[in-house]
Amino acid sequence: VQLQASGGGLVQAGGSLRLSCATSGRTFSSYAMAWFRQPPGKEREFVARISWSGGSTVVADSVKCRFTISRDNAKNTVYLQMDSLKPEDTAVYYCAADLGVYSGNYYLPQKYDYWGQGTLVTVSS
């Protein structure tokens, strides 16, 4: 499975960005996807996850009501819509694929089998 994240950039606080993660190499609709982020000098942290069908999503408390994860299985792409951005959202954002059957420990990076290369989001104050 190959993952290619895009859509990062520089935005002012309060602005919006939409990240995309295009996948290839395996049936996209058969596995869950997630977004993580790694702020400068900090550990990688969970942002959001979506089930293989798109019917179930979970979002970290820190971004709840501001970020939305979605997917288009026809386009083999997962999205992260980020609104009301804050300077503390500044990070490298990674998409990840979970080929496992169970969703337990979904917030742990080690649960995920494949990772994209990351895209930098910088939010200025």
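One structure accompanies this document, and this report is about it.

Conventions adopted
- Residues numbered from 1 in each chain as written.
- Predicted model: local features only at pLDDT ≥ 70, side-chain atom pairs only at ≥ 80, totals over all residues.
- Heavy atoms only, no water.
- Helix = DSSP H or I, 4+ residues; strand = E, 2+ residues; numbered from the N terminus.
- Salt bridge = Lys/Arg side-chain N within 4 Å of Asp/Glu carboxyl O.
- Buried < 20%, exposed > 50% of the residue type's maximum accessible area, 1.4 Å probe, protein only.
- Pairing = 2+ DSSP bridges.
- Axes fitted to C-alpha atoms, helices over the stretch in contact; angles between N-to-C directions.
- Phe/Tyr/Trp six-rings, centres within 6.5 Å; stacked < 30°, edge-to-face > 60°.
- Lys NZ or Arg CZ within 6 Å of the ring centre and 35° of its normal.

A look at the environment of Ala32
- For Ala32, the position within the fold is in strand β4 (residues 32-38).
- Separated by 46 residues in the primary sequence, Ala32 and Val78 have C-alpha atoms spaced 9.9 Å apart.

Observations regarding the pattern of salt bridges
- Per the counting criterion, the structure on display carries six salt bridges.
- One salt bridge in this structure joins Arg49 and Asp98, with 3.0 Å as the shortest N-O distance. Taken together, the positions of Arg49 in strand β5 (residues 45-50) and Asp98 in strand β9 (residues 91-98) put the pair 49 residues apart, joining distant regions of the chain.
- Taking relative accessible area as the criterion, Arg49 reaches 8% and is therefore assigned buried.
- With its nearest N and O atoms 3.0 Å apart, the salt bridge here joins Asp61 to Lys64.
- Overall, Asp61 belongs to the exposed group, its relative accessible area being 66%.
- What makes Lys64 partly exposed here is its relative accessible area of 44%.

Overview of the sheet that holds strand β1 (residues 2-6)
- Pairing is antiparallel in the open sheet, where four strands are placed in the order β1-β3-β8-β7. Of all the strands in the sheet, just β1 and β7 (67-72) have a single pairing partner and so form its edges. Ignoring strand direction, the axes of neighbouring strands in this sheet form an average angle of 15°.
- For β7 and strand β8 (residues 77-82), the ladder comprises six bridges, and the chain directions are antiparallel. Its bridge partner lying in β8, Asp72 is registered against Thr77.

Examining the packing of aromatic side chains
- Here the structure, examined in full by the defined rule, presents seven aromatic pairs.
- Aromatic ring contacts, followed pair by pair, group Phe36, Phe46, Tyr94, Tyr106, Tyr107, Tyr112 and Trp115 into a single cluster.
- Here the guanidinium or amino end of Arg44 rests over the ring plane of Tyr94, the centre of that ring lying 3.8 Å away.
- Directly above the aromatic system of Trp115 lies the positively charged group of Arg44, at a separation of 4.8 Å from the ring centroid.

A short note on the pairing of β5
- With five of six residues buried, β5 is to be regarded as a mostly interior element.
- Of the pairings in the sheet, the one linking β4 to β5 comprises five bridges and is antiparallel in character. Bridge assignment links Trp35 to a residue of β5, and that residue is Ala48.
- With antiparallel pairing between neighbouring strands as the criterion, β4 and β5 make up a hairpin whose turn holds six residues, including Gly41 at a positive phi of roughly 75°.
- Pairing of β5 with strand β6 (residues 57-59), which is carried by three bridges, proceeds in the antiparallel orientation. Within β6, the position partnered with Ile50 by the bridge is Thr57.

Function-wise, these values are silent; they only describe arrangement.
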